[in-house]
Amino acid sequence: MSALNRSNLAALPDMRFERLLDGFTPNFEFEPVGPLPESEFADRLRRIRREAVVAGHDVVLVHADSIGSYKVSNSYLRYICDWAREGVLVVPTDDDKPLTMFSFFSSSVLLPPAGEPVLVEDIWQVGTWGRETYNRPGKTVDKVVEAVASFLEREGFSVAQVGLIGDATSAGYWNGLKARLPRSSFVHSEAIVDRMQKIRSPREQAIVRAAAQLADIGIQAAYHVIRPGVTDHEIYAAFTYAQMSRGGESGDGYQIGINRYGTHCGKPYGHVVRNGDLINLYISAVIYQGYTAQIARMIAVGDITDKQEEVLQMCVEGVEKAAALVKPGTLISDVANASFEPYIARGYLSSADSRTMPYNWASADDGAPRLIPRKHVVDEDWERQGRKLMHVYPATFGPHNPNVGHSVSMPKFANYNIQSNNHDKLEEGMTFVLHSQWLEPEVAGCNVGDCYLVTATGAENLSCHTPLAPHRVKAGA
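Chains are numbered independently. Their residues run from 1 in the order of the written sequence. Restriction of local features to residues with pLDDT of at least 70 applies here, the model being predicted, together with a cutoff of 80 or more for giving and counting side-chain atom pairs; totals for whole chains, interfaces and linings are based on all residues. Think of the side-chain values as coming from all heavy atoms in the structure, minus any hydrogens and water.

S.K.: Looking at this model, I keep getting lost on the packing of aromatic side chains. Mind explaining?
M.R.: Aromatic rings considered in pairs are described by the distance between their centres and by the relative angle of their planes. Aromatic contacts are taken between Phe, Tyr and Trp rings whose centres are within 6.5 Å, Trp giving its six-membered ring; a plane angle under 30 degrees counts as stacked, one over 60 as edge-to-face, and the others as tilted. Within the structure shown, the criterion is met by 14 aromatic pairs. Aromatic side chains Tyr76 and Phe413 sit 5.2 Å apart centroid to centroid with 80 degrees between the ring planes, which places their arrangement in the edge-to-face category. One end of the pair, Tyr76, is in helix α3 (residues 76-81); the other, Phe413, is in the loop between β12 (405-407) and β13 (431-440), with 337 residues separating them in the sequence. Since its relative accessible area comes to 7%, Tyr76 is described here as buried. For every residue, the accessible area obtained with a 1.4 Å probe (protein chains only) is divided by the maximum for its type, and the residue is called buried under 20%, exposed over 50%, and partly exposed between those limits. When its relative accessible area of 8% is taken as the criterion, Phe413 is described as buried. An angle of 40 degrees between the planes, with centres 5.9 Å apart, marks the rings of Phe397 and Trp438 as tilted. Note that Phe397 is positioned in the loop between β11 (389-391) and β12 and Trp438 in strand β13, a separation of 41 residues in sequence. Each member of the aromatic cluster is reached from another via a ring pair, and the members are Phe340, Tyr343, Tyr348, Phe397 and Trp438. A positively charged side chain is recorded as over a ring if its NZ (Lys) or CZ (Arg) lies within 6 Å of the ring centre. The angle to the ring normal must also be within 35 degrees. Lying over the aromatic face of Phe41, Arg44 brings its terminal NZ or CZ to 5.1 Å of the ring centre. One residue, Arg44, lies across the ring of Tyr79, its end atom 3.9 Å from the ring centre. Going along the chain from the N terminus, every DSSP run of H or I of four or more residues is numbered as a helix, and every run of E of two or more is numbered as a strand.

S.K.: What exactly am I supposed to notice about the pairing of strand β1 (residues 59-64) here?
M.R.: A regular strand places its side chains on the two faces of the sheet in alternate fashion. Among the six residues that make up β1, six are buried, leaving the element largely enclosed by the rest of the structure. Covered by surrounding structure in β1 are Val59, Leu61 and His63 together with Val60, Val62 and Ala64, the residues of both alternating faces. Strand pairing follows a simple DSSP-based rule, namely that at least 2 bridges must link the two strands. Pairing analysis gives four bridges linking β1 to strand β5 (residues 161-165), with the strands arranged parallel. The residue of β5 that forms the bridge with Val60 is Gly163. By the bridge criterion, six bridges tie β1 to strand β2 (residues 87-92) in an arrangement that is antiparallel. From the neighbouring strand, Ala64 faces β2, where its bridge partner is Gly87.

S.K.: Honestly, the sheet that holds β5 in this entry has me stumped. Any pointers?
M.R.: Hydrogen bonds between backbone groups are what pair the strands of a sheet, and the pairing can be parallel or antiparallel. What the six strands build is an open sheet, ordered β4-β3-β2-β1-β5-β6; its pairing is mixed. Two strands close off the open sheet at either side, each with one partner strand: β4 (120-125) and β6 (185-188). Across the sheet, the mean angle from the axis of one strand to that of its neighbour is 20 degrees, orientation sign disregarded. Contacts are assigned to residue pairs with any non-hydrogen atoms lying within 4.5 Å of each other. Here an angle of 0 to 180 degrees is reported between the N-to-C directions of two axes, which are lines fitted to C-alpha atoms, with helices fitted over the stretch in contact. In the packing of helix α2 (residues 38-55) onto the sheet, contacts are made with β1, β2, β3 (99-103) and β5, and the angle to β2 comes to roughly 70 degrees.

S.K.: Is there a simple way to think about the pattern of salt bridges in this case?
M.R.: As a working rule, side chains carrying opposite charge can pair if their charged atoms are close by. Any Lys or Arg side-chain nitrogen located within 4 Å of an Asp or Glu carboxyl oxygen qualifies as a salt bridge. The final tally for this structure, using the stated rule, is 22 salt bridges. Between Arg209 and Glu460 there is a salt bridge whose closest N-O contact spans 2.8 Å. Of the two residues, Arg209 is situated in helix α8 (residues 202-225) and Glu460 in strand β15 (residues 459-461); the sequence distance between them amounts to 251 residues. The partly exposed category is assigned to Arg209, whose relative accessible area is 23%. Of the charged contacts, one joins Glu309 and Arg472 as a salt bridge, the two residues approaching to 2.8 Å between their closest N and O atoms. Of this pair, Glu309 sits in helix α10 (residues 306-323) while Arg472 sits in strand β16 (residues 471-473), and the two are 163 residues apart along the sequence. Exposure remark for Arg472: the relative accessible area of 45% places this residue in the partly exposed category.

Dropping the structure here:
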């Protein structure tokens, strides 16, 4: 072991890593939910085909690409046919024609399990191509384009109106098909599926509820291990173990911000918990059965400043004010505006207008880049590893974003935001996070939030198993 590694472990003489969760039991029973039934995917396919008919499409192509680390660039394929891998799905508009998939054209593809594509009849393996890696001349994009184009020609779609559902990674495939099938027209049609993301079905609601339960269990596990001398790695690991051991799909969908000022959106780096620390668990995505839940909690270790206490209370009130309005028929803008009333009352903001509100990652007022202040910010845990913080993040004060939340769905789908310019009405079946945030560099910060489902009569707090109020840890615990 190197001297550097010994230094990093100096605070852990008992090598306690696997023992921190001894005695941990959540205060509620997790309710697992199975995968969505085939009937739900059949209903989605029916709706997609109907919209395709109205748009005049003869066939729809759906694409998700591999982006490395066994992840894909969007959730369109998983939403339509429960395929968690890369591929091009061919969806003929005529309902008597089967779905066909072209896939396995990446070296970072996942193999079953989990899952089989639902409602898909044939899967064609395109293969992986390239001289350096595979010693096979050719380009993967070209091979996929040729395979899909040849199939479309065989099926009578050589001259057709083709709907396209994908993302930025799809451009090479779409451009290749346009050149290969010059007599066809191609129309971007992502909105067909995007519109279906607004309202969650009862089965989807159950999955999001389970994802929120996993987040609550992870937070309770983190609370169990947090004490002075414990590292952010150990806190993160405790959260990860608790939720993934119960069925969570990923351990990379959340952040831990930890220092004396309450920062959020960080990753563990070896910080040792001390008196005066403010810890943010920003659970931006616990994924379960393909769906996400998002919540956020704050932990105060020992003594914190009066200013920090005020910011914590302000943000808690912000969520409570917003949540009190959640019910079918409420304007989303009214929910957002209510969340900022505690900020305005205390003089932190002058308006709830999301266009003019300061926020952490905003450019300068005239739209020009904002310079990140250069300053040595002392961080003994980082410096023990031979590095220094030489800039003050973020560059300006305010909420993290100029909104109080956004929809929660499957990864990579476009969100609707809970902010002042969204005048849509809440509808039964919507799921979203309400998170109040504030961060003033080197002074105070907070990020707290709950995940909500709009019910027929009001709202259900899906993250109700951990209190919204900051968790307190004694300095000598």
